[in-house]
Amino acid sequence: MVRVALTGGIASGKSVVAAELAARGAIVIDADVLAREVVEPGTSAFAAIIDRFGGQVLSGGRLDRALLARIVFADPLARRDLEQIVHPAVRARAAELERASGAAAVVVHVIPLLVETGQQEDFDLVVTVDVDHETQIQRLMARNGFTRTEAESRIAAQASREDRRIAADVVLDNTGSVTQLREQVDALWAELSSAVARQ
């Protein structure tokens, strides 16, 4: 098994790269998807979030994720508390999925907060999808309907672009076209396939 961490800032294009790798045969385990799964009603993380934040974060018996996001992005202590509930549950679920993947797999863990949570040393290869600051802002405003201030706030809550580049073994530049990004993914996949074959 080759274990890959795929990271990048918000709106950098991680999902596009993950989909391209999955199409080539990788097993993709996405922390954002798992973060939604582990807080479903009935889970221990769901109960812990209600204990911490109260019923105000519920809508129709489920978490109001948009409201919760507004709360934690305005309050660093609240964000830390939420992360201490969600991150361990996500890691446990990711480990479970990885164990089920088989010995000859390329397993790609999509982890937006890889650097922030200090997990970069836990993988065979760290891949960072990189875009410039202004491109991130424009994509967030277009994709999420954020104001510039909201976009800046989300970006500021993450590790710096430089820190992600330093942590990376491979940097994929996503400031160009999708075709250019796919060419970089092709080169990466060739490297990953060779690594699996050598093991």
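Just so it is clear, the model here is predicted, and its values are computed rather than measured.

Calculation notes
- Residues numbered from 1 in each chain as written.
- Predicted model: local features only at pLDDT ≥ 70, side-chain atom pairs only at ≥ 80, totals over all residues.
- Heavy atoms only, no water.
- Pairing = 2+ DSSP bridges.
- Helix = DSSP H or I, 4+ residues; strand = E, 2+ residues; numbered from the N terminus.
- Axes fitted to C-alpha atoms, helices over the stretch in contact; angles between N-to-C directions.
- Contact = heavy atoms within 4.5 Å.
- Salt bridge = Lys/Arg side-chain N within 4 Å of Asp/Glu carboxyl O.
- Buried < 20%, exposed > 50% of the residue type's maximum accessible area, 1.4 Å probe, protein only.
- Parallel < 35°, antiparallel > 145°, perpendicular 65-115°, else oblique.
- Nonpolar A, V, L, I, M, F, W, Y, C, P; charged D, E, K, R; others polar.

Engineer: Give me the lowdown on the sheet that holds strand β1 (residues 2–8), citing residues and values where you can.
Structural biologist: In space, the five strands of this open sheet follow the order β2-β5-β1-β6-β7, with parallel pairing throughout. Two strands bound the open sheet, and with one partner strand each, they are β2 (27–30) and β7 (170–173). With direction set aside, neighbouring strand axes in the sheet form an average angle of 25 degrees. When β1 meets strand β5 (residues 106–110), the two strands line up parallel, connected through five bridges. From the neighbouring strand, A5 faces β5, where its bridge partner is H109. With respect to the sheet, helix α1 (residues 14–23) is in contact with β1, β2, β5, β6 (125–130) and β7, its orientation differing from that of β1 by roughly 155 degrees. Along the sheet, helix α9 (residues 178–198) contacts β1, β5, β6 and β7; its crossing angle with β7, the most-contacted strand, is approximately 155 degrees.

Engineer: I'd like a rundown of the pattern of salt bridges, residues and numbers included.
Structural biologist: Going through the model one piece at a time under the given rule, you end up with 13 salt bridges. Where D186 meets R24, a salt bridge forms, and the shortest distance between an N and an O atom there is 2.7 Å. Taken as a pair, D186 in helix α9 and R24 in the loop between α1 and β2 lie far apart in primary sequence, 162 residues in all. By relative accessible area, D186 is classed as partly exposed at 42%. Assessed through its relative accessible area of 23%, R24 is described here as partly exposed. The partner of R165 in a salt bridge is D130, with the nearest N and O atoms 2.7 Å apart. Here R165, found in helix α8 (residues 161–167), pairs with D130, found in strand β6; they are 35 residues apart in sequence, far enough to count as distant. On the basis of relative accessibility, which here comes to 35%, the residue R165 falls in the partly exposed class. The structure contains a network of salt bridges with shared partners spanning E20, R24, R182 and D186.

Engineer: Talk me through the packing of helix α4 (residues 65–73) against helix α5 (residues 76–99); I want residue IDs and the actual numbers.
Structural biologist: Helix-helix packing is characterised by the crossing angle of the two axes and by the distance between the axes. Where α4 contacts α5, the axes come no closer than 6 Å and their chain directions differ by 125 degrees. With respect to α5, the axis of α4 lies oblique. For the pair α4 and α5, contact is made by L68, I71, V72 and F73 and by P76, A78, R79 and L82, respectively. Tallied by class, residues from the contact of α4 with α5 come to seven nonpolar, no polar and one charged.

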